[in-house]
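These are the residues of each chain, in order.
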Amino acid sequence: MIDTGPKLMPTTLIERLARHLAAGAGVDWSQRIDRAVGIIALMKTPDQKMSRAGDETHWRAMIDAALRQRAALPGTKDEPPMGAGTDEEGEAALPDDPSPSDDGGGWVQFQQEKQ
């Protein structure tokens, strides 16, 4: 038997999570997109065990790629863009090329802490 690698899902992570959140709630899955995006954004920073298990740079790049897919889902035509090209808060622009690079995350924008 030939191993063809992992099977990729035909729908986005956001859509799959939104459909899960809508199941049994009596609402259309598109009404749960913002909740799904929020949950995925929470996953962007790995915990200690996740960090030890794999490469944080790749993990963050995958989460960023998932968040950028928000623009292609229902409900974004008349609303201001939230996930396409920016982080969830719309504060930091995400790179067009989601692949990790050697710049150490130079595209990330940091805010000064208020004292």
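Residues numbered from 1 in each chain as written. Predicted model: local features only at pLDDT ≥ 70, side-chain atom pairs only at ≥ 80, totals over all residues. Heavy atoms only, no water.

**Here's the deal with the pattern of salt bridges**
No. 1: All chains considered together, the criterion is met by four salt bridges.
No. 2: One salt bridge in this structure joins Arg19 and Glu15, with 2.8 Å as the shortest N-O distance. Here Arg19 pairs with Glu15, and both are found in helix H1 (residues 13–22), just four residues apart, close to one helical turn.
No. 3: With a closest N to O distance of 3.1 Å, Arg60 and Glu56 form a salt bridge. Of the two residues, Arg60 and Glu56 both sit in helix H4 (residues 56–68), four residues apart, roughly one turn of that helix.
No. 4: Of the residues examined, Arg60 reaches a relative accessible area of 30% and is grouped as partly exposed.
No. 5: Looking at Glu56, the relative accessible area reads 29%, which means it is partly exposed. (Salt bridge = Lys/Arg side-chain N within 4 Å of Asp/Glu carboxyl O. Helix = DSSP H or I, 4+ residues; strand = E, 2+ residues; numbered from the N terminus. Buried < 20%, exposed > 50% of the residue type's maximum accessible area, 1.4 Å probe, protein only.)

**Side note on H1**
One turn of an α-helix holds 3.6 residues; hence residues three or four places apart share an orientation.
No. 1: Buried within H1 are the following residues: Ile14, Glu15, Leu17, Ala18 and Ala22. Down the axis of H1, the sector holding all buried residues measures 165 degrees, keeping them to one side.
No. 2: Once H1 ends, the next one or two residues include Gly24, with phi positive near 80 degrees. (Arc of directions from axis to C-beta.)

**A short note on the environment of His58**
No. 1: For His58, the position within the fold is in helix H4.
No. 2: For His58, a relative accessible area of 41% puts it in the partly exposed group.
No. 3: A distance of 2.8 Å separates polar atoms of two side chains, one belonging to His58 and the other to Asp55. (Polar contact = N/O pair within 3.5 Å; in protein donor to acceptor, adjacent residues only side chain to side chain.)

**Concerning the nonpolar core**
No. 1: Grouped together as the largest cluster of nonpolar side chains are 14 residues, with contacts concentrated most on Ile14, Trp29, Ile33, Ile40 and Leu67.
No. 2: Looking at this core, the elements with two or more residues in it are H1, helix H2 (33–42) and H4.
No. 3: Broken down by element, the residue count for this core peaks at five residues, all from H2.
No. 4: With near-sequence residues (within four places) excluded, Ile33 lies in contact with Ile14, Ala18, Arg70, Leu73 and Pro74. (Core = buried A, V, L, I, M, F, W, Y, C linked by side-chain atoms within 4.5 Å. Contact = heavy atoms within 4.5 Å.)

**Section: the confidence of the model for the chain**
No. 1: In the predicted model, the chain carries a mean pLDDT of 76, and 61% of its residues have values of at least 70.
No. 2: Long-range and interchain partners of residues 78–84, a stretch whose pLDDT sits below 50, account for twelve contacts in this model, where long-range means more than four residues apart. (pLDDT = per-residue confidence, 0-100.)

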